Amino acid sequence: MVLAEVSRRDTGADRTRVELTQQTQVGEALVRGLVRAQLALALRLSLVVAIGLGGLPWLFAIAPSVGRVTAFGVNLPWLLLGVAAFPFLIAVGWAYVRLAERNEQDFTDLVQRPER
C-alpha cells in the first residue's frame, strides 16, 4: 500500500524514490528494512499475546488456589479466558495497527525526505 502511494507521487524525481520504484539495490534495502520492521513488530506483539494468554493456564497450574477464586459467581479462569481475553486481543490488535502505520509513515517520510 505504501509503495504504491510512493510510486504514484512524482513531485520531482528524487534519487531515493527513483531507486525505490526501479527496484535497485538501495530500493530493495529500503523495502527490506520496512518488511523487517513490520515482522519484528508482529513477533513482539505475538510474544505479548502468547505470554498474556498462554501464561494464564500456567498460573492456574502453579497456583491452584487462584484458579478456585470466584468473582460474580463465576470462577476466575472462566472470566479471564472467556471474557477478559477479548478486550486484551482487541487492545493488542489496535496497538499493532497503530505501530504498523507508524512504521509505514516513517518509511514514507524517509523516502520523501529531500536529498542532502
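Below is a summary of the structure that appears in this document.

Criteria and cut-off values
- Throughout, residues of each chain are indexed from 1 in the direction in which the sequence is written.
- Thresholds applied to this predicted model are a pLDDT of at least 70 for local features of residues and 80 or more for the giving and counting of side-chain atom pairs; totals over whole chains, interfaces and linings are not thresholded and use all residues.
- The basis for every side-chain value is the complete set of heavy atoms in the structure, and neither hydrogens nor water enter the calculation.
- Secondary structure elements follow DSSP: runs of H or I no shorter than four residues count as helices, runs of E no shorter than two count as strands, and numbering proceeds from the N terminus.
- For each residue, the accessible area found with a 1.4 Å probe, counting protein chains only, is set against the maximum for its type, and the residue is called buried under 20%, exposed over 50%, and partly exposed in between.
- By the convention used here, residues are in contact when the closest approach between their heavy atoms is within 4.5 Å.
- What sets the accessible areas is the Shrake-Rupley method with a 1.4 Å probe; for residues, cover comes only from the shown protein chains.
- As a rule, the C-alpha atoms of each element are fitted with a line to give its axis, helices using only the stretch in contact, and angles between N-to-C directions run from 0 to 180 degrees.
- Roughly parallel refers to an angle under 35 degrees, roughly antiparallel to one over 145, roughly perpendicular to one between 65 and 115, and oblique to any angle outside these ranges.
- Crossing handedness is defined as follows: a turn of the near helix away from the far one that is anticlockwise and smaller than a right angle gives a left-handed crossing, while the clockwise case is right-handed.
- Each residue receives one of three labels: charged for Asp, Glu, Lys and Arg, nonpolar for Ala, Val, Leu, Ile, Met, Phe, Trp, Tyr, Cys and Pro, and polar for the others, Gly being one of them.
- Helix span is expected to be 1.5 Å times the residue number reduced by one.
- Here the bend at each residue means the angle between axes fitted to two seven-residue stretches, the one ending at that residue and the one beginning there.
- In protein, a polar contact requires one atom able to donate a hydrogen and another able to accept it; more generally it is a pair of N or O atoms within 3.5 Å, and residues adjacent in sequence count only if both atoms are side-chain atoms.

For the rest of this paragraph, the subject is the overall build of the protein chain. The helix and strand tally for the protein chain stands at 5 helices and 2 strands. In the protein chain, the succession of α and β elements from N to C terminus is α-α-α-α-β-β-α. Burial statistics for the protein chain: of 116 residues in total, 21% are counted as buried. Excluding contacts between residues fewer than 6 apart, the proportion of contacts in the protein chain whose partners are at least 24 apart in sequence is 65%. Within the structure as shown, the protein chain displays about 8400 Å² of accessible surface, and the carbon and sulfur contribution to it stands at 64%.

Attention now moves to unusual backbone geometry. Unusually for a residue other than glycine, F72 sits at a positive phi of about 55°. Structurally, F72 can be placed in the loop between β1 (70-71) and β2 (74-75). The class of F72 is exposed, set by a relative accessible area of 84%.

Quick look at the packing of helix α3 (residues 25-62) against helix α5 (residues 76-112) now. At a closest axis distance of 10 Å, the pairing of α3 and α5 adopts a crossing angle of 165°. Taken together, α3 and α5 sit at an angle that is classed as roughly antiparallel. In this structure, the crossing between α3 and α5 has a hand that is right-handed. Grouping the amino acids of the contact of α3 with α5 by side-chain chemistry returns 25 nonpolar, 3 polar and 1 charged.

What follows is about α3. Over its 38 residues, α3 extends 52 Å from the first C-alpha to the last, a length consistent with the 56 Å expected when each residue adds 1.5 Å. By the largest-angle criterion, G55 marks the main kink of α3, which is about 35°, and a proline, P57, follows within four residues. Listed in full, the buried residues belonging to α3 are G27, L30, L34, Q38, L41, L45, L56 and F60.

In this fold, G93 is placed in helix α5. Sequence-wise, G93 and L45 are 48 residues apart; in three dimensions their C-alpha atoms are separated by 8.7 Å.

Within the element layout of this structure, N103 appears in helix α5. Among the polar contacts made by the side chain of N103, one reaches the side chain of Q38 at a distance of 2.9 Å. Aside from chain neighbours lying at most four places away, what touches N103 is L34, A37, Q38 and L41.

Attention now goes to α5. The terminal C-alpha atoms of α5, which comprises 37 residues, lie 52 Å apart, in line with the 54 Å expected from a rise of 1.5 Å per residue. Roughly 45° is the biggest bend found in α5, and it falls at A84, with proline P87 one to four residues downstream. Buried residues of α5: P77, A85, V92, A100, N103, F107, T108 and V111, and no others.

So yeah, pure geometry; function would need other evidence.
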